[in-house]
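# Residue-level structure breakdown
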Amino acid sequence: MQSIHTHTLGFPRIGARRELKTALEAYWRGDTDVNTLEEAGRTLRARHWALQAQAGLDLVTVGDFAFYDQVANHIQLFGCEPARFGFDGTEPALTRYFAMARGDREHDAACCGGQHSVHALDMTKWFDTNYHYLVPEFSAATDFTLCASRLLAEVAEAQALGHAVKAALIGPLTFLWLGKAKEAGVDRLDLLERLLPAYSQLLTQLKEAGVEWVQIDEPILGLDLPPEWRNAFEPCYWQLNQSGARVMLATYFSPLEENLSLACRLPVAGLHVDGVRARQELVNVCDWLPVPKVLSIGIVDGRNIWRTDLDQALSVLRPLLERRNGQLWLAPSCSLLHVPFSVADETALDPELASWLAFATEKLDELATLKTALRGDDADVALATARAAIASRARSSRVHSDEVAQAVAALPADADRRHAPFAQRQAVQRARLRLPDFPTTTIGSFPQTAAIRAARAALKSGSIAAQEYEVAMRAEIAHAVGRQEALGLDVLVHGEAERNDMVEYFGEQLDGFAFTRFGWVQSYGSRCVKPPIIFGDVARPRAMTVGWTTHAQSLSHKPVKGMLTGPVTILQWSFVRDDQPRSLTALQIALAMRHEVADLQQAGIGIIQIDEPALREGLPLRRGRWDEYLNWATRAFRVTAGVADDATQIHTHMCYAEFNDILPQIAALDADVITIETSRSDMELLDGFGKFSYPNEIGPGVYDIHSPRVPGVDEMERLLRKAAQVIPAKHLWVNPDCGLKTRGWKETEVALTNMVAAAHRMRAQ
Ligand code: GLN
Ligand code: ZN
């Protein structure tokens, strides 16, 4: 008997037109009340379940909706909100929920100017995605009490609409793993014993509510787990198994490797594996998972936007189906949270390119086609359409450029190397630039004022001509240069007024990139990003920044830094083609950016910064794969920078990540100067740089640009002194943590005045 089912691990909750964002922000502003917000949530859920049902999914997924974040939902579901969000015990759950997510803003404004405000939970990246979750806080006193009313209400909502329901939960071990201990000596794993009864109770309640399956996500099974965490899985799932609920254990993002046999033997009714990133394991899973259990294969890529090659997918699935005696579930590899809503909305996109894409909605249709075909029913039309699209992408001259291939092949072996070693370059650069000790600079962007944004919007809508926009931006650049001169900064920047986004700006000018209108992906809360799509070979038809930079340089005798985004960051913040290795795409981007470095240098620009804030986040989830990634990623950077003469000073910039475990690779970038975010950790980050004896110059950020609080001269001086204890003073630069585009001019000027004063005090010593 054949039994093929389709399901999804989760669906984008933000809505086709970011309806959730609109509803949330109206509510936060106080323009709408809680009923309106709840109604917006209900409408979106109903719409998304309807789409799942229309695509023939056998179960709709409930529990993937969240007003802010699914991990925050679990914090309330298990009643483990940190005490500071308890207020006086009378606040509605949703008020406490938003306080966890955003801090208690009313308290902020109303009483003490924020001094005693309740600060929000930390946010950090969900595995290797660009989605940020709220980090649960655990202490020795943490208790868990089930508060399932919201989830059960959503289950009832779906059932009332006639859907068969699968509830989706984050698993207990992953939930604890993702949290952080607030006190020394607290081991999160010790809390499992207290947490499990709440999970068991929930499973029982879901079963009683008529939920057919419960999907429990344990993506940490794809990580290098400490043995005690690995050993916790079996007893944990034996205990949960007592509830009698049918559990589908979901893993994704990474191969299971040494956890594979463990995952196969856990006492659950089904196992989902990532058929894209762990394809090589499918045959083993198929053989090791005892047959009465259901195998769910994530055959459609939930992390990327390309149409699935259905013929190839069928050839993978058919033998597996046979081995599983005709029983198989099909799904996207992971939740569809990480892809945009629907390609159908992209009417402005070139139709041929659009035909190569599948966003969340189309991915559901792909599952339907696969199911039909596997059952032996007629899927010919859908298969033929898919086949044509795959073929057109494979042979398109817009994807494959002989010129780019030749240029990459012609790169000399030492293209990733500067001519002289750092010490010699440093001497040449010092003679050329004549900077004081503790030179001051900024990270690139200055405030993106309303006027700047209005000019850009007017250009996009066609209400001003390119010429007029250019005049406006040149005036903004002149303004930024003038202010920096007045502040007495040593190395100036043009201010990035012309850039909406540091990746989009370059993507729009490079060949091989496309942009969608509605391709939003949730980043955190109501915030979304619209990543560019790298569909073809990347090349740079013309210079991208030289005009703006030379204009800025013409206005000052001080050096102006050229400002570029590095190849790894461009790659990391885009949807990347999947028909060639990422390393090759990175190299193509590197080559394009290398030409920009050469042109800036040719135009007389003496300092060029190549930003790589995303270098760290490209690291694979498994340590065993780090080297391979770091090798090609750092090479891509060096290829971009390698064209610089000894006298051209190359800077790089990184921020908001843990860098200490990749210091050798950061050093291997061989940038002459690195500016790096450090002030939030009170320069702790620099300990690593000191111990490692970082060889080149460093500008540790002396103030946190994310906070509206302006630190005084003493405070910045103290940080610089602390830095000077671990970094040779001759190697120190003075700068903020990151770009200033989100700040206003007033605070920026006060902060930079203090920063310059702190540098002067250092020089006076
Ligand atoms: N040059 C960029 C800026 O200043 C760097 C931004 C970043 O690090 N994310 O805005
Ligand atoms: Zn930064």
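Residues numbered from 1 in each chain as written. Chains lettered and ligands numbered in written order. Predicted model: local features only at pLDDT ≥ 70, side-chain atom pairs only at ≥ 80, totals over all residues. Heavy atoms only, no water.

## Some details on the pairing of strand β18 (residues 560–565)
Among the six residues in β18, six count as buried, and that is most of the element. With burial as the criterion, each face of β18 is covered, one bearing V560, G562 and L564 and the other bearing K561, M563 and T565. One ladder, built from two bridges, connects strand β13 (residues 492–493) with β18; its direction is parallel. Among the inter-strand pairings, V493 is bridged to a residue of β18, identified as K561. Alignment of β18 against strand β20 (residues 607–611), held across five bridges, turns out to be parallel. Each bridged residue has a counterpart across the sheet, and for M563 the counterpart in β20 is Q609. (Buried < 20%, exposed > 50% of the residue type's maximum accessible area, 1.4 Å probe, protein only. Helix = DSSP H or I, 4+ residues; strand = E, 2+ residues; numbered from the N terminus. Pairing = 2+ DSSP bridges.)

## Topic: the site of ligand 1
With respect to spatial proximity, the complete set of residues near ligand 1 consists of I443, G444, S445, E496, M502, M563, D611, P613, H653, C655, C738 and G739. S445 places a polar side-chain atom, nitrogen or oxygen, 2.7 Å from an oxygen atom of ligand 1. Within the complex, the protein chains bury 89% of what would otherwise be the 290 Å² of accessible surface of ligand 1. Residues belonging to the shell around ligand 1 are distributed by class as follows: six nonpolar, four polar and two charged. (Near = heavy atom within 4 Å. Polar contact = N/O pair within 3.5 Å; in protein donor to acceptor, adjacent residues only side chain to side chain. Areas by Shrake-Rupley, 256 points an atom, 1.4 Å probe, with all protein chains shown as cover. Nonpolar A, V, L, I, M, F, W, Y, C, P; charged D, E, K, R; others polar.)

## Regarding the coordination of the zinc ion (ligand 2)
Here the zinc ion (ligand 2) is held by the protein donor atoms H653 (NE2), C655 (SG) and C738 (SG), which lie 2.1 to 2.3 Å from it. Coordination at the zinc ion (ligand 2) is tetrahedral: its four donor atoms span angles of 93 to 124° at the metal. Written as a sequence motif, the donor residues of the zinc ion (ligand 2) are H-x1-C-x82-C. Of this pair, C655 sits in the loop between β21 (649–654) and α25 (663–668) while C738 sits in the loop between α27 (713–726) and α28 (745–764); the two residues are 83 residues apart in sequence, bridging distant segments of the chain. Here C655 and C738 have matching classes, each one buried. (Donors = N, O, S within 2.8 Å, 3.2 Å for Na, K, Ca; no water. Tetrahedral: all angles 85-135°; square planar, octahedral: opposite > 155°, others 65-115°.)

## Notes on the confidence of the model for the chain
Per-residue confidence for the chain gives a mean pLDDT of 95, with 98% of residues at or over 70. Within the model, the stretch residues 107–116 combines pLDDT values under 50 with seven contacts to residues more than four positions away or in other chains. (pLDDT = per-residue confidence, 0-100. Contact = heavy atoms within 4.5 Å.)

## Some details on the nonpolar core
Grouped together as the largest cluster of nonpolar side chains are 145 residues, with contacts concentrated most on F78, W126, F144 and F175. Considering every element that reaches this core, the biggest residue donor is helix α8 (residues 192–208), with eight residues. If we ignore the near neighbours within four places in the chain, the residues touching F144 are F78, G79, C80, F138, F175, L176, L191, R194, L195 and A198. Counting 101 residues, the second largest nonpolar core, distinct from the first, contains V538, A644, A667 and I676. (Core = buried A, V, L, I, M, F, W, Y, C linked by side-chain atoms within 4.5 Å.)

## Details of the packing of helix α3 (residues 70–77) against helix α4 (residues 93–102)
Look at α3 against α4: their axes get within 11 Å of each other, and the N-to-C directions meet at 130°. As judged from the angle between their axes, α3 and α4 are oblique. The hand of the α3/α4 crossing is right-handed. Contacts between α3 and α4 involve A72, N73, I75 and Q76 from the former and A93, R96, Y97 and M100 from the latter. When the residues that make up the contact of α3 with α4 are grouped by side-chain class, the tally is five nonpolar, two polar and one charged. (Axes fitted to C-alpha atoms, helices over the stretch in contact; angles between N-to-C directions. Parallel < 35°, antiparallel > 145°, perpendicular 65-115°, else oblique. Left-handed = near helix turned anticlockwise from the far one by under 90°.)

## What to know about the side chain of S523
Relative to the elements of secondary structure, S523 occurs in strand β15 (residues 521–524). The residues contacting S523, other than those within four sequence positions of it, are N130, Y131, H132, C528 and V529.

## Points about the environment of R417
Note on placement: R417 falls in the loop between α16 (402–409) and α17 (422–433). The class of R417 is exposed, set by a relative accessible area of 52%. R417 sits 225 residues away from G642 along the chain, and the two C-alpha atoms are 5.0 Å apart.

## Some details on the pattern of salt bridges
Taken as a whole and assessed by the stated rule, the structure comprises 54 salt bridges. D31 is paired through a salt bridge with R29; the nearest N and O atoms lie 2.9 Å apart. No difference in accessibility class separates D31 from R29, as the two residues are exposed. The network of salt bridges with common partners includes D224, E257, E258, R622 and R625. (Salt bridge = Lys/Arg side-chain N within 4 Å of Asp/Glu carboxyl O.)

## Considering the sheet that holds strand β1 (residues 3–6)
Reading across the sheet, the eight strands line up as β1-β12-β11-β10-β9-β8-β6-β2 and stay open at both edges, with parallel pairing between neighbours. If you trace the sheet from one side to the other, it starts and ends with β1 and β2 (60–62), each paired once. For this sheet, the mean inter-axis angle between neighbouring strands, taken without regard to orientation, is 25°. Pairing of β2 with strand β6 (residues 165–170) involves three bridges; the strand directions are parallel. By the bridge assignment for β6, T61 is matched with K166. Across the sheet, helix α6 (residues 149–160) is in contact with β2 and β6; its angle to β2 comes to roughly 155°.

## Quick word on a negative patch on the surface
Together, D187, D190, E193 and E228 make up a negatively charged patch on the protein surface. Overall, the relative accessible area of 54% leaves D190 in the exposed class. (Patch = residues over 30% accessible without salt bridge, like charges linked within 9 Å, V, L, I, M, F, W, Y side chains within 5 Å. Lys, Arg positive; Asp, Glu negative; His and termini not counted. Charge placed at Lys NZ, Arg CZ, Asp CG, Glu CD.)

## Details of the packing of aromatic side chains
For the structure on display, the rule yields 22 aromatic pairs. Ring centres of F78 and F175 lie 6.2 Å apart, and the angle between their planes is 50°; this geometry places the pair in the tilted category. With F78 in the loop between α3 and α4 and F175 in helix α7 (residues 172–178), this pair connects stretches of sequence that are 97 residues apart. Summarising the burial analysis for this pair, F78 and F175 share the class buried. Ring centres of F689 and Y694 lie 5.2 Å apart, and the angle between their planes is 65°; on these two criteria the pair is classed as edge-to-face. With relative accessibility at 6%, the residue Y694 sits in the buried group. (Phe/Tyr/Trp six-rings, centres within 6.5 Å; stacked < 30°, edge-to-face > 60°.)

## Quick look at unusual backbone geometry
Unlike most non-glycine residues, F438 shows phi in positive territory, near 45°. Following the sequence through the fold, F438 ends up in the loop between α17 and α18 (450–461).

## Some details on the sheet that holds β18
With respect to topology, six strands assemble into an open sheet ordered β13-β18-β20-β21-β22-β23, the strand pairing being parallel. With partners counted over all chains shown, the strands left at the sheet margins are β13 and β23 (697–700), one partner each. As judged from the four bridges shared by β21 and strand β22 (residues 673–676), these two strands associate in the parallel manner. Residue H651 lies in a different strand from β22, and its bridge partner there is V673. Where α17 meets the sheet, its contacts fall on β20, β21 and β23, and the angle it forms with β23 comes to roughly 65°.

## A few points about α18
Helix length check: α18, at twelve residues, gives a terminal C-alpha distance of 16 Å against a target of 16 Å (1.5 Å per residue), a fit within 8%. All of the buried residues in α18 are I452, A455, R456 and A458. Angularly, the buried residues of α18 cover 160° about the axis, an arc narrow enough to put them on a single face. Projecting away from the buried face of α18 at angles above 90 degrees are the exposed residues A450, K460 and S461. In the core, the buried residues of α18 are packed alongside α19 (466–487). (Expected span 1.5 Å × (residues − 1). Arc of directions from axis to C-beta.)

## Focus: empty space enclosed by the protein
In this structure the tally under the stated criterion is five cavities of 30 Å³ or more. The computed volume of the largest cavity comes to approximately 190 Å³. What lines the largest cavity is a set of 18 residues, and nearest its centre among them are L9, D64, Q70, D217 and S335. Those elements that provide at least two residues to the lining of the largest cavity are α3, β6 and β8 (213–217). (1 Å grid on protein atoms, 1.4 Å probe; cavity = no way out; pocket = protein on both sides within 12 Å on 5 of 7 lines; lining within 4 Å. Points joined across faces, edges and corners; volume = space filled by probe spheres on them.)

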